[in-house]
Amino acid sequence: PDIIYVNEAAPGSADGSSWDNAYTTLQAALAAAGDGHQIWVATGTYYPTDSGDRSISFQMKNGVAIYGGFAGNEDPSEFNLDDRNFTVNETILSGDIGTPGDDSDNSYHVIKNSGLGSTAALNGFTITGGKADGAYGGSERKGGGMYNDDSCPILTNVTFSGNTAGDDGGGMYNISNSNPALTNVTFSGNTAGFAGGLYNYNSSPTLTNVTFSENSVTGTAGGMFNISNSCPVLNHVTFSRNSAGNRGGGMVNHDGSSSPTLMNVTFNGNTAGYGGG
């Protein structure tokens, strides 16, 4: 495949042609990528912007597969993508664009997608530090980690942790027939008003080998919230130690039109203030 390289520590010409000459930002690689490209990203932390503009997010692209978890010296002619070590070579997409450690100036969304098909892929990343605390009633209060509007990306080997939404979906928010496919994905330690992990509005993602752990909300649905004809399919999914101030420590299905399919799903140690722990 045509590979574009990204390494924040690359010493070369920053044209994306090799590890030594890799782009030093993911945004530069995304701007250069077209249909059929792969983007290989070396271990490190990457930010949507260095301008301090909280409204700027990463945006995935149709036909482009973005892979993290590289040491930054792999030979593509000899290296199998399945051999990446995501723990040793953690590759972080962070919304902490302002003062380090001060989340009041973080990106509203680390990733924001619109109109994506299933040819857009993200594989091998940790997504953290999104803080969707914008104006009341707006999209900037939803989906701190990822916001999907009419989008169906493929996410594999991805962790959402430490993201926040003032309203809905600390980890991820899906709206308008957004049906992403999630495999080997973890939502942990995300917070929101509703749905600390995943909020679905008229959207039906597919989840396989997904974990929701220690997400929390002041309102409803510590782990997942389904509303308005949202019928996700869950297979080998675990909800553990999630908490809700109101109802639904693990999952809430808000109306009769939202009917998820659960296969091999475990609820363990979730709590709620009023019911549905």
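You'll find the structure just up there.
Each chain carries its own residue numbering, running from 1 in the direction its sequence is written. Residue-level local features of this predicted model are given only where pLDDT is at least 70; pairs of side-chain atoms are given and counted only at 80 or more, and the full residue set underlies all totals for whole chains, interfaces and linings. Excluding hydrogens and water, the side-chain values take into account all heavy atoms of the structure.

J.: Would you mind going over empty space enclosed by the protein in detail, with residue names and values included?
T.: Site definitions follow a grid-based scheme: protein atoms alone, a 1 Å grid, a 1.4 Å probe that fits but cannot get out for cavities, and for pockets an open set with protein on both sides within 12 Å along at least five of seven lines, plus lining residues having an atom within 4 Å of a point. Grid points are joined across faces, edges and corners, and a volume is the space filled by probe spheres set on the points. On inspection of all chains with the given rule, the structure shows one cavity of 30 Å³ or more. Here the largest cavity defines a volume of roughly 40 Å³. If you go around the largest cavity, the residues you meet are Leu 26, Leu 30, Phe 58, Gln 59, Met 60, Ile 66, Leu 93, Ile 111 and Leu 122. For this scheme, ten residues count as nonpolar: Ala, Val, Leu, Ile, Met, Phe, Trp, Tyr, Cys and Pro. Four count as charged, namely Asp, Glu, Lys and Arg, and the remainder, Gly too, count as polar. Partitioning the lining of the largest cavity into residue classes produces eight nonpolar, one polar and no charged.

J.: Let's hear about the packing of aromatic side chains: which residues, and what values?
T.: Aromatic ring pairs are reported here in terms of the distance separating the ring centres and the angle at which the planes meet. Working definition: rings of Phe, Tyr and Trp (its six-membered ring) pair if their centres are within 6.5 Å, and the pair is stacked with planes under 30 degrees apart, edge-to-face with planes over 60 apart, and tilted otherwise. All told, the structure shown has 15 aromatic pairs when counted by the stated rule. When the centroid spacing of 4.9 Å and the interplanar angle of 65° are considered together, the rings of Tyr 5 and Trp 19 count as edge-to-face. Residue Tyr 5 is located in strand 1 (residues 2-6), and its partner Trp 19 is located in the loop between strand 1 and helix 1 (26-32); the two are separated by 14 residues in the primary sequence. Tyr 5 sits in the buried class, given a relative accessible area of 8%. Here's how the labels work: a residue is buried when its accessible area is under 20% of the maximum for its type, exposed when over 50%, partly exposed in between, all with a 1.4 Å probe on protein chains only. With a relative accessible area of 9%, Trp 19 lands in the buried category. With a centroid separation of 5.2 Å and 25° between ring planes, the pair formed by Tyr 147 and Tyr 173 is classed as stacked. With Tyr 147 in strand 9 (residues 146-149) and Tyr 173 in strand 12 (residues 172-175), this residue pair connects regions lying 26 residues apart in the sequence. A run of H or I in DSSP counts as a helix once it spans at least four residues, and a run of E counts as a strand once it spans at least two, with each numbered from the N terminus.

J.: Outline the side chain of Ser 178, listing residues and values.
T.: As for its placement among the helices and strands, Ser 178 is situated in the loop between strand 12 and strand 13 (181-188). A distance of 3.0 Å separates the side chain of Ser 178 from the backbone nitrogen of Ser 151, its partner in a polar contact. In the analysis that follows, any N or O atom pair within 3.5 Å is treated as a polar contact, provided that within protein one partner can donate a hydrogen and the other can accept it, and provided that, for residues neighboring in sequence, both atoms belong to side chains. Of the polar contacts made by the side chain of Ser 178, one reaches the backbone oxygen of Ile 175; its length is 2.7 Å. We call two residues in contact when some of their heavy atoms are within 4.5 Å. Not counting residues up to four positions away in its chain, the partners in contact with Ser 178 are Asn 148, Asp 149, Asp 150, Ser 151, Asn 202, Ser 203, Ser 204 and Pro 205.

J.: An account of the layout of surface pockets is needed here, citing residue identities and associated values.
T.: Where empty space is left can be seen by rolling a probe of water-molecule size over the atoms. Taken as a whole, the largest pocket holds about 170 Å³ of empty space. Along the walls of the largest pocket sit 13 residues, with Thr 25, Tyr 46, Tyr 47, Thr 49 and Asp 50 positioned nearest its centre. Contributing elements (two or more residues each) for the lining of the largest pocket: helix 1 and strand 3 (44-46).

J.: Describe the pattern of salt bridges, naming the residues involved and giving the relevant values.
T.: For salt bridges, the criterion is a side-chain nitrogen of Lys or Arg within 4 Å of an Asp or Glu carboxyl oxygen. Summed over all chains, the structure comprises five salt bridges. Across the pair Arg 54 and Asp 133 runs a salt bridge, and its minimum N-O distance is 2.6 Å. Note that Arg 54 is positioned in the loop between strand 3 and strand 4 (65-70) and Asp 133 in the loop between strand 8 (131-132) and strand 9, a separation of 79 residues in sequence. The salt bridge involving Asp 167 is made with Arg 141; its shortest N-O contact spans 3.2 Å. Residue Asp 167 is found in strand 11 (residues 164-168), and its partner Arg 141 is found in the loop between strand 8 and strand 9; the two are separated by 26 residues along the sequence. Taken individually, Asp 167 and Arg 141 each receive the classification buried, so the pair is uniform in this respect.

J.: Any chance you could break down the pairing of strand 2 (residues 37-42) for me, citing the residues and the numbers?
T.: Burial of strand 2 is extensive: five of the six residues sit out of reach of the surface. Any two strands with at least two DSSP bridges between them are considered paired. Note: strand 1 against strand 2, five bridges, orientation parallel. From the neighbouring strand, Val 6 faces strand 2, where its bridge partner is Val 41. As for the winding sense of the linkage, the β-α-β connection from strand 1 through helix 1 to strand 2 is right-handed. Convention used here: a crossover is right-handed provided that the path from the first strand, over the helix, to the second strand proceeds clockwise when the strands point away from the viewer.

J.: So, the sheet that holds strand 11: which residues are in play, and what are the values?
T.: Pairing within the open sheet is parallel, and its six strands lie in the order 8-11-14-17-20-23. The open sheet has two edge strands with one neighbour each: strand 8 and strand 23 (271-272). Pairing geometry for strand 17 (residues 216-217) and strand 20 (residues 243-244), over two bridges, is parallel. The residue bridging Ser 216 from the neighbouring strand is Ser 243, located in strand 20.

J.: Could you give an account of unusual backbone geometry, with specific residues and numbers?
T.: Phi angles above zero are rare outside glycine, and Asp 150 is one such case at about 50°. Along the polypeptide, Asp 150 turns up in the loop between strand 9 and strand 10 (154-161). Judged by relative accessible area, Asp 150 falls into the partly exposed class, the value being 42%. Although it is not a glycine, Ser 176 sits at a positive phi angle of roughly 60°. Inspection of the secondary structure assignment puts Ser 176 in the loop between strand 12 and strand 13. By relative accessible area, which is 30% here, Ser 176 ends up partly exposed.

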